Amino acid sequence: MADKDIEQTDERGHIPGVWWEGLGTWGAIALIVLGGVGAVWFFFRLPGTPEEPASGYYGVSKVIAIGLVTVGCTLLGRRRTRAAARKETNERESA
């Protein structure tokens, strides 16, 4: 069998992305809510709270920050898309 007949499916160039890459708006909002619930959980020292509360708050703050950045970027991207579509529509009407 010739080398040309063999299909190669090796994905050596694939770089794995971050876990929050495809969350979207609702996923980001869910992260913010989950982080808020975690913060309340640590505040009231419910079962499962670490002895050092700073480590718990640190983890929760990272989840909230990732959610806030993701929702901000998603909404900003939507705004830019709408503005570009509006600009394109105005250019067509004026031509």
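Below or above, wherever it landed, is the structure these notes cover. (Residues numbered from 1 in each chain as written. Predicted model: local features only at pLDDT ≥ 70, side-chain atom pairs only at ≥ 80, totals over all residues. Heavy atoms only, no water.)

What follows deals with the overall build of the protein chain. Scanning the protein chain for helices and strands turns up two helices and zero strands. Within the protein chain, the fraction of its 95 residues that count as buried is 15%. Relative to all contacts within the protein chain whose residues are 6 or more apart in sequence, the contacts with residues 24 or more apart total 61%. For the protein chain, the exposed surface amounts to about 8100 Å²; the carbon and sulfur share of it is 60%. (Helix = DSSP H or I, 4+ residues; strand = E, 2+ residues; numbered from the N terminus. Buried < 20%, exposed > 50% of the residue type's maximum accessible area, 1.4 Å probe, protein only. Contact = heavy atoms within 4.5 Å. Areas by Shrake-Rupley, 256 points an atom, 1.4 Å probe, with all protein chains shown as cover.)

Attention now moves to the packing of aromatic side chains. In this structure the tally under the stated criterion is two aromatic pairs. With centroids separated by 6.0 Å and ring planes inclined at 70 degrees, the aromatic side chains of F42 and Y57 adopt a geometry described as edge-to-face. Note that F42 is positioned in helix α1 (residues 24–43) and Y57 in helix α2 (residues 53–94), a separation of 15 residues in sequence. You can call F42 buried: its relative accessible area is 15%. Relative accessible area serves as the criterion here: at 33%, Y57 is assigned to the partly exposed category. (Phe/Tyr/Trp six-rings, centres within 6.5 Å; stacked < 30°, edge-to-face > 60°.)

Further remarks concern the pattern of salt bridges. Inspection of every chain in the model, using the stated rule, returns one salt bridge. Residue R92 is joined to E88 by a salt bridge in which the shortest nitrogen-to-oxygen separation is 2.5 Å. Here R92 pairs with E88, and both are found in helix α2, just four residues apart, close to one helical turn. Residue class for R92 comes out exposed when judged on its relative accessible area of 62%. Classification of E88 by relative accessible area gives partly exposed; the value is 40%. (Salt bridge = Lys/Arg side-chain N within 4 Å of Asp/Glu carboxyl O.)

A surface patch of nonpolar side chains, about 610 Å² in accessible area, is lined by V40, W41, F43, F44, L46 and Y57. Among the residues examined, V40 registers a relative accessible area of 44% and is labelled partly exposed. (Patch = residues over 30% accessible without salt bridge, like charges linked within 9 Å, V, L, I, M, F, W, Y side chains within 5 Å.)

What follows deals with the environment of A30. Topologically, A30 is positioned in helix α1. Taking the C-alpha atoms as reference, A30 lies 9.5 Å from I64; in sequence the two are 34 residues apart.

This next bit is on α2. End to end, α2 covers 61 Å across 42 residues, agreeing with the expected 62 Å (1.5 Å per residue, within 8%). Listed in full, the buried residues belonging to α2 are G56, V60, I66, G67, T70 and V71. Turning to α2, the residues buried within the fold contact α1. (Expected span 1.5 Å × (residues − 1).)

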